[in-house]
Amino acid sequence: MTCTDDVTESKVLLAEYDRLKEEQKTRIGFRDNLLYFTLAAATAVMAITAQSGQSRLLLFVPAICLILGWTYLANDEKISAIGDYVRDRLGPRLGELTSADGAVFGWEVYHRDVAGHTVHKRLQSAVDLFTYLVLPMVCTTAFWCSPVVQPLFLLASLGQTLALAVLGLQFLRRTER
């Protein structure tokens, strides 16, 4: 008897499912912590700005939000891709192999059909947009309204604003899924 006698396609698919769910869980934790870290970092920058009176420091908030916002989106995309793969590929294939009557990995479909799912998704999108778009734009606007705006910092803030608009569009695109 060789080691491969115990290996079946079903076992391989279940092992893949376990690894994917572990990766998804890790990514969800990381993504959610990014939100808290972003808010903490922005608050720290605003506190330092208020203490120092140097309004140009506010331009760190859009930079922080851009970097962490893109990272948040990248993780969110992978989290969704794992769910899609399990629901659309892995589950049906395992269902064929086991001749299952219903959906295999039913949670992947069920949790999307629960009452309030759409409302929850939209509220989360509002929180994401506030954190990664509105908050940095408030800081940018406060910088623009400050008495001493140097041309180089103004140019940097305009570039950040353009990048934030692209980031905001990506968040909105994800909301529609």
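Cut-offs used in this document
Residues numbered from 1 in each chain as written. Predicted model: local features only at pLDDT ≥ 70, side-chain atom pairs only at ≥ 80, totals over all residues. Heavy atoms only, no water. Helix = DSSP H or I, 4+ residues; strand = E, 2+ residues; numbered from the N terminus. Buried < 20%, exposed > 50% of the residue type's maximum accessible area, 1.4 Å probe, protein only. Lys, Arg positive; Asp, Glu negative; His and termini not counted. Charge placed at Lys NZ, Arg CZ, Asp CG, Glu CD. Polar contact = N/O pair within 3.5 Å; in protein donor to acceptor, adjacent residues only side chain to side chain. Contact = heavy atoms within 4.5 Å. Salt bridge = Lys/Arg side-chain N within 4 Å of Asp/Glu carboxyl O.

K.L.:
Would you mind going over the overall build of the protein chain with me for this structure?
P.N.:
Of regular secondary structure, the protein chain possesses five helices and zero strands. Seen in sequence order, the protein chain has helices and strands lined up from the N terminus as α-α-α-α-α. Taking the principal axes of the C-alpha coordinates as reference, the protein chain spans close to 80 × 40 × 25 Å. Here the protein chain, with 177 residues, has 32% of them falling under the buried criterion. Within the protein chain, the 18 negative side-chain charges are centred at a point lying 8 Å from the centre of the 17 positive side-chain charges.

K.L.:
How should the side chain of Thr-38 be read in this particular structure?
P.N.:
Position of Thr-38 among the secondary structure elements: in helix 1 (residues 9-52). Residue class for Thr-38 comes out buried when judged on its relative accessible area of 0%. Among the polar contacts listed, one links the side chain of Thr-38 to the backbone oxygen of Leu-34, at a separation of 2.7 Å. Beyond its immediate chain neighbours, meaning those up to four positions away, Thr-38 contacts Cys-65, Leu-68, Thr-131 and Tyr-132.

K.L.:
What is the right way to read the pattern of salt bridges from this model?
P.N.:
Think of it this way: side chains of opposite charge can pair up when their charged atoms draw near. Tallied over the entire structure, the rule returns 11 salt bridges. With its nearest N and O atoms 3.8 Å apart, the salt bridge here joins Glu-22 to Lys-25. Here Lys-25 and Glu-22 lie together in helix 1, a separation of three residues that amounts to about one turn. Overall, Glu-22 belongs to the partly exposed group, its relative accessible area being 33%. Residue classification places Lys-25 among the exposed positions, given a relative accessible area of 55%. Here Arg-31 ties to Asp-32 by a salt bridge, and the two come within 3.1 Å at their closest N and O atoms. Under the relative-accessibility criterion, Asp-32 is labelled partly exposed at 29%. Shared partners join several salt bridges into a network, and the residues in it are Arg-31, Asp-32, Asp-76, Glu-77, Arg-173 and Arg-174.

K.L.:
Can you help me understand the environment of Asp-113 in this one?
P.N.:
Examined against the element boundaries, Asp-113 turns out to sit in helix 3 (residues 107-113). Exposure remark for Asp-113: the relative accessible area of 63% places this residue in the exposed category. It is 20 Å that separates the C-alpha atoms of Asp-113 and Lys-25, two residues lying 88 residues apart in sequence.

K.L.:
What am I meant to see in the side chain of Arg-31 here?
P.N.:
In this structure, Arg-31 sits in helix 1. Arg-31 sits in the buried class, given a relative accessible area of 14%. Here Arg-31 is in contact with Tyr-72, Asn-75, Asp-76 and Ile-79, once residues within four sequence places are set aside.

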